Amino acid sequence: MPGNSNGVAAVERAASLLEAFTERDFTLSLGELARRVELDKSTVLRIARSLAKHQLLVRNEDASWRLGPKLMKLGNIYQSTFRASDIIEPLLADLVTRTGESAAVYVREGDERVCLFRHDSHQSIRHSARVGSTYPLDRGAPGRVILAFNGRSGSIYDEIRKAGFHTTSGERDPQVASLAVPIFRDGQNLFGSLALTGPPDRFSDDAIRKNLEILQVAARKLSVAMGGDPGP
């Protein structure tokens, strides 16, 4: 149905126009907008004017464009209605099912990391912890990842940032191995880390490689749900 197809294309183009702005852009010229979304200026101008009618874009006196006040209102509504547990709980349950290991979300609290959400493995031998438990930031993959993406200096943290993940075996507890990746919210602001933990003998190179892909997909999904930019 051509009408529906055209309507979807128009929505996608409007969305791409809004997404062309970054945190560094207070305003963008029509030419720059056209370049970023790879459309001709006349098409961009038509879309921008439509968005401006709904206060999603604002045209400045010099004919450049900036994001409109309606986006702030929508963002506030999203923040008030979004409950992290609604997406994190089922996501962790799915990770446990797919990997067989315990899954958890950790956030920084001062000089420690706190277990914010958790689902334990169904296997008889597993790593268990309670929500609210605190651990050192510099012991175990979840804490190391938090430090790395909070800007901690040092070769180990440079390597973690470059790799995008970290794994440890017996660093905090000789009976525990962990694999962790960062979670972002509100752009590239770090929210915490998403981790799998279990006995070291189940964290072979092959298991890590397989589970890392699953973990990264889950972290990307969670980051996007919180308005984060997980990167490429």
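This text follows the structure it describes.
This text gives an overview of the structure that appears in the document. (Residues numbered from 1 in each chain as written. Predicted model: local features only at pLDDT ≥ 70, side-chain atom pairs only at ≥ 80, totals over all residues. Heavy atoms only, no water.)

## Remarks on the side chain of Thr168
Right, on to step 1. Relative to the helices and strands, Thr168 resides in strand β6 (residues 166-169).
Right, on to step 2. Its relative accessible area of 10% is what places Thr168 among the buried residues.
Right, on to step 3. Of note is the side chain of Thr168, whose polar atom sits 3.2 Å from the backbone nitrogen of Ala141.
Right, on to step 4. At 2.8 Å, the side chain of Thr168 and the side chain of Ser178 are in polar contact. (Helix = DSSP H or I, 4+ residues; strand = E, 2+ residues; numbered from the N terminus. Buried < 20%, exposed > 50% of the residue type's maximum accessible area, 1.4 Å probe, protein only. Polar contact = N/O pair within 3.5 Å; in protein donor to acceptor, adjacent residues only side chain to side chain.)

## Let's talk about helix α8 (residues 205-225)
Right, on to step 1. A rise of 1.5 Å per residue sets the reference length of α8, with its 21 residues, at 30 Å; its end C-alpha atoms lie 30 Å apart and thus fit the reference within 8%.
Right, on to step 2. Within the span of α8, buried status applies to Ala207, Ile208, Asn211, Leu212, Ile214, Leu215, Ala218, Ala219, Leu222, Ser223 and Ala225.
Right, on to step 3. Downstream of α8 by one or two residues, Gly227 has phi in the positive range, about 80°. (Expected span 1.5 Å × (residues − 1).)

## Observations concerning the packing of aromatic side chains
Right, on to step 1. Applying the stated criterion across every chain yields a total of two aromatic pairs.
Right, on to step 2. Plain terms: the ring middles of Tyr106 and Tyr135 are 6.2 Å apart, the flat faces sit at 70° to each other, and that makes the pair edge-to-face. With Tyr106 in strand β3 (residues 102-109) and Tyr135 in strand β5 (residues 134-136), this pair connects stretches of sequence that are 29 residues apart. No difference in accessibility class separates Tyr106 from Tyr135, as the two residues are buried. (Phe/Tyr/Trp six-rings, centres within 6.5 Å; stacked < 30°, edge-to-face > 60°.)

## Describing the pattern of salt bridges
Right, on to step 1. Taken as a whole and judged by the stated rule, the model has eleven salt bridges.
Right, on to step 2. With a shortest N-O distance of 2.6 Å, Arg161 and Asp158 are connected by a salt bridge. Here Asp158 and Arg161 lie together in helix α7 (residues 155-163), a separation of three residues that amounts to about one turn.
Right, on to step 3. When its relative accessible area of 44% is taken as the criterion, Asp158 is described as partly exposed.
Right, on to step 4. For Arg185, the salt bridge goes to Asp186, with nearest N and O atoms at 3.4 Å. (Salt bridge = Lys/Arg side-chain N within 4 Å of Asp/Glu carboxyl O.)

## Focus on unusual backbone geometry
Keep in mind that most residues, glycine aside, have a negative phi and that most peptide bonds are trans.
Right, on to step 1. Positive phi, normally seen in glycine, also occurs at Gln55, with a value near 60°.
Right, on to step 2. Locating Gln55 in the fold gives a position in the loop between α3 (41-53) and β1 (57-59).
Right, on to step 3. The exposure class of Gln55 is partly exposed, given its relative accessible area of 41%.

## Things to note about the packing of helix α6 (residues 141-149) against α7
Working note: a packed helix pair is described by the angle between its axes plus the distance between those axes.
Right, on to step 1. Remark: α6 packs on α7, axes separated minimally by 9 Å, with the N-to-C direction vectors making an angle of 90°. Here α6 lies roughly perpendicular to α7, going by the angle between them. Contact residues: α6 offers Arg144, Val145, Leu147, Ala148 and Phe149, while α7 offers Ile156, Tyr157, Ile160 and Arg161.
Right, on to step 2. The residue makeup of the contact of α6 with α7, split by class, is seven nonpolar, no polar and two charged. (Axes fitted to C-alpha atoms, helices over the stretch in contact; angles between N-to-C directions. Parallel < 35°, antiparallel > 145°, perpendicular 65-115°, else oblique. Contact = heavy atoms within 4.5 Å. Nonpolar A, V, L, I, M, F, W, Y, C, P; charged D, E, K, R; others polar.)

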